[in-house]
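The chain contents come next:
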Amino acid sequence: MAWVLLVVAGLLEVGWSIGMKYSEGFTRPVPSVLTGAGIVVSMLLLSYAARSLPIGTAYGVWVGIGAAGAAVLGMVVLGEPATAARIFFVCLLLVSVVGLKVTSGH
């Protein structure tokens, strides 16, 4: 169950990181409230997952999902450059996340 919570927390991190872009510096009320709620729930789920997972693994996976997801959505939704190098490094992030999962002992 901890891994499910951690993946959901990571996906929420993707959501709130993209939400910060739409909140325009927290000047738009609805995106700002949704972003704030995403931050709180994401961190709560991370803290629940970290009860039974090593913190280095839990935090690394959380950040990895968030960073990779934000980079991909940035390219797909926000029109950021989708160069071969960027895609390669996002893939490396995902390999790292899987590696942390496989070597966590859980």
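How each quantity is defined
- Residues numbered from 1 in each chain as written.
- Predicted model: local features only at pLDDT ≥ 70, side-chain atom pairs only at ≥ 80, totals over all residues.
- Heavy atoms only, no water.
- Helix = DSSP H or I, 4+ residues; strand = E, 2+ residues; numbered from the N terminus.
- Rg over C-alpha atoms; globule rule 2.2 N^0.38 Å.
- Buried < 20%, exposed > 50% of the residue type's maximum accessible area, 1.4 Å probe, protein only.
- Axes fitted to C-alpha atoms, helices over the stretch in contact; angles between N-to-C directions.
- Parallel < 35°, antiparallel > 145°, perpendicular 65-115°, else oblique.
- Left-handed = near helix turned anticlockwise from the far one by under 90°.
- Contact = heavy atoms within 4.5 Å.
- Nonpolar A, V, L, I, M, F, W, Y, C, P; charged D, E, K, R; others polar.
- Phe/Tyr/Trp six-rings, centres within 6.5 Å; stacked < 30°, edge-to-face > 60°.
- Lys NZ or Arg CZ within 6 Å of the ring centre and 35° of its normal.
- Core = buried A, V, L, I, M, F, W, Y, C linked by side-chain atoms within 4.5 Å.

As for the overall build of the protein chain
- What the protein chain contains, in helices and strands, is four helices and zero strands.
- Going from the N terminus to the C terminus, the protein chain shows its helices and strands as α-α-α-α.
- Relative to the globule expectation of 13 Å for 106 residues, the C-alpha radius of gyration of the protein chain, 14 Å, shows essentially globular dimensions.
- Considering only C-alpha atoms, the protein chain reaches an extent of 40 × 35 × 15 Å along its principal axes.
- The buried share of the protein chain, reckoned over its 106 residues, is 34%.

Notes on the packing of helix α2 (residues 29-49) against helix α3 (residues 55-76)
- Viewed as axis vectors pointing N to C, α2 and α3 meet at an angle of 150 degrees, and their least axial separation amounts to 10 Å. Our classification of the angle between α2 and α3 gives roughly antiparallel. You can see that α2 and α3 cross each other, and the crossing is right-handed. Where α2 approaches α3, its residues Ser42, Met43 and Leu46 are matched on the opposing element by Ala58, Tyr59 and Trp62.
- Considering only residue class, the contact of α2 with α3 consists of five nonpolar, one polar and no charged.

What to know about the packing of aromatic side chains
- The full count for this structure, using the stated rule, is two aromatic pairs.
- Taken together, a centroid distance of 5.6 Å and an interplanar angle of 40 degrees make the contact between Tyr59 and Trp62 tilted. Residue Tyr59 and its partner Trp62 are both found in helix α3; the two are separated by three residues, about one turn of the helix.
- Aromatic side chains Phe88 and Phe89 sit 5.1 Å apart centroid to centroid with 70 degrees between the ring planes, which places their arrangement in the edge-to-face category.
- A cation over an aromatic ring shows up here: Lys101 above the ring of Trp3, its NZ or CZ 4.9 Å from the ring centre.

Let's talk about the nonpolar core
- One finds Leu6, Leu53, Val61 and Trp62 to be the most contacted residues of the largest nonpolar core, which totals 15 residues.
- Of all the secondary-structure elements, those providing two or more residues to this core are α1 (2-23), α2 and α3.
- The dominant element in this core, judged by the number of residues it contributes, is α1, at six residues.

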